[in-house]
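For reference, the chains in residue letters:
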Amino acid sequence: MIANLKAMAAHVAAGAGEASDHAEEAAGLPQLDVSTYTSQLFWLAITFGLLYLLLAKVFLPRLSALLEERRDRVADDLDAAAGLRSEAEDAEHALTAAMADARARAHAIVAKQREKLTAEIDAETAEAEAALDARMAEADEKIEQRKSEALARVREAASDTAGAVVQKLIGVSPSEADVARAIDSASGKA
Amino acid sequence: MAGDVMSLTRLLELPGDLGALRGLDLAKLLDVARSVETDPMHQFVIQRWAPIHVGGLDLSFTNASFFMLLAAGVILLFLTLALSKRALVPGRMQSVAELTYGFVSGMVRDNLGEEGMKFFPFVFTLFIFIFVANLLGLIPGFYTTTSQLVVTLAMSMVVITIVLVVGFAKHGLKFLKLFAPSGLPILMYPLLVPIEIISFLSRPFSLAIRLFANMLAGHILLKLFGGFVISLAGLGVAGIAAAILPLVTNTAVTALEFLVAFLQAYVFAILTCIYLNDALHPGH
């Protein structure tokens, strides 16, 4: 340092104007000043050694533990998420199955009920039809009866009328058998 | 700047052995002061802040020692703060610490494999120490410890010593295969082995000089352009206008130096990994 200043002073004294370059020349590289080496090496060894020990024994293990912890935590969380997801999927499957089951049962119940109702309706219809048939048959029978009765009366009236007409015309009262034969032949021709 | 003023004060209080200076007038002294102010080499001068001498060895506490300790202190303080919460979801500082850890551990794992992870703390210390020392050096007035060849050389020598010790401890004499790659014609060996040995021996120097030279060149450049700004600004209005150019350049160079600060720390660390890989797998 002192040597440097001496050199610079010499330059200035010699009237070497802009000193910068010349001072550099005179001083040389401060890095090549061997007298500073022991001090630099000593303090570098202390600094670097201490730094290495503290980093290697304290800070880097802490950092690595921190990162490890996070990695584990994330992995755990992912596992948990996967577990929950599969649980949810299971639940969904169960729900779908239950829904399908319920739907099938509902269908069955509806079908059964429909069958039952259809049967009941059929039975009632059949009953009603039977009743109607019976009444119709009864009515037919009555009509038939009335008809034959009416026809019988018509025949009776015809024979009476025929007997009366014959008597009036020829004064002879025809026998009932003759009248009946005549009516039969007339109604048969008609 | 404070340092320069101090130098000037010291200059004025110089003892008798620099009597030559006593006779100078103030104008010339100011010239000297300006030369210190703009001398791009002055920033690298080691200043003994507290002289310590043990058994004839000069172990003085210097500006360089202080900034080494400061770098270590900054790293430890940062990591302490970053890890104070140990949050599951990291904050900004914790993220930076974790990213740095991941960055260096990835570098070591990629180059050395899982068995090389025992070197991880060493590579991490190298990387973070060089990186922070480089960054601190970019603060105006701060000393750049990595601009000292002896410092970078000491670190690269530690690297190469580890390579040698681990190489021989792990592989014995087979470690020498490193210098004789297999699968070559016998005739090639007399030519190749010396080349391999020279290349191996030049490793610590290339490693050390790369870092040292980058820091040296960058800081000289910064100081030179800074000097231009001051010199030009002293020339009046036109000078101040002209000073804008070196000022802009210095800003750009500062930005570049941030990149270099990281890049050189990275290069040092990755080359350390590559050299350590030779110790673990000397076969190829």
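Just so we're clear, the structure is a prediction, and the values are computed from it rather than from any experiment.

Below, the discussion takes up the overall build of chain B. A tally of helices and strands in chain B yields nine helices and four strands. Listed by position from the N terminus, the elements making up chain B come as α-α-α-β-β-β-β-α-α-α-α-α-α. A total of 284 residues make up chain B; the buried ones form 46% of that total. Within chain B, contacts between residues separated by at least 24 positions form 66% of all contacts whose residues are at least 6 apart in sequence. Carbon together with sulfur atoms contributes 74% to the accessible area of chain B, which is approximately 13800 Å² in total.

Below, the discussion takes up unusual backbone geometry. All names here are of chain B. With phi around 50°, Arg 86 is a residue other than glycine that occupies positive phi space. Within the secondary structure, Arg 86 is located in the loop between α4 (63-82) and α5 (92-112). By relative accessible area, Arg 86 is classed as partly exposed at 42%.

This part covers the side chain of A:Arg70. Here A:Arg70 shows up in helix α3 (residues 37-170). A relative accessible area of 18% places A:Arg70 in the buried class. With residues up to four places along the chain from it excluded, the contact list for A:Arg70 reads B:Ala87, B:Leu88, B:Pro90, B:Gln94 and B:Glu98.

Before going further, it helps to spend a moment on the packing of helix α8 (residues 189-233) of chain B against helix α9 (residues 237-280) of chain B. Residues and elements named next belong to chain B. In contact at an axis separation of 9 Å, α8 and α9 are set at 170° when each is read in the N-to-C sense. Judged by the angle between their axes, α8 and α9 are roughly antiparallel. Classifying every residue of the contact of α8 with α9 by side-chain character gives 22 nonpolar, ten polar and four charged.

Each pair of aromatic rings is reported with the distance of its centres and the angle of its planes. Residues and elements named next belong to chain B. Enumeration over the complete set of coordinates arrives at 19 aromatic pairs over all chains. Arranged with centres 5.0 Å apart and planes meeting at 85°, the rings of Phe 66 and Phe 67 form a pair that is edge-to-face. Residue class for Phe 66 comes out partly exposed when judged on its relative accessible area of 33%. Ring geometry for Phe 127 against Phe 131: centres 5.9 Å apart, planes inclined by 10°, an arrangement best described as stacked.

Cut-offs and rules
Here, residues in each chain are numbered from 1, in the same order as that chain's written sequence. Chains and ligands are labelled by the order in which they are written, letters from A for the one and numbers from 1 for the other. Local features in this predicted model are restricted to residues whose pLDDT is 70 or higher, and side-chain atom pairs enter the listing and the counts only when it is 80 or higher, whereas totals over whole chains, interfaces and linings include all residues. Each side-chain value is worked out from all heavy atoms of the structure, with water and hydrogens disregarded. Only DSSP runs of H or I with at least four residues qualify as helices, and only runs of E with at least two residues qualify as strands; both kinds are numbered from the N terminus onward. Relative accessibility thresholds used throughout: buried, under 20% of the residue-type maximum; exposed, over 50%; partly exposed, between the two (1.4 Å probe, protein chains only). Any two residues whose heavy atoms approach within 4.5 Å at even a single point are treated as in contact. Using a 1.4 Å probe, the Shrake-Rupley method yields the accessible areas, and only the shown protein chains count as cover for residues. Axis definition: a line fitted to C-alpha atoms, over the contacting stretch in the case of helices. Angles run 0 to 180 degrees between N-to-C directions. Angular relationships are summarised with four words: roughly parallel below 35 degrees, roughly antiparallel beyond 145, roughly perpendicular across 65 to 115, and oblique for the angles in between. Three classes are used: nonpolar for Ala, Val, Leu, Ile, Met, Phe, Trp, Tyr, Cys and Pro, charged for Asp, Glu, Lys and Arg, and polar for all others, with Gly counted as polar. Pairs were defined over the aromatic rings of Phe, Tyr and Trp, the Trp ring being its six-membered one, requiring ring centres within 6.5 Å. Orientation was assigned from the angle between planes: stacked under 30 degrees, edge-to-face over 60, tilted for the rest.

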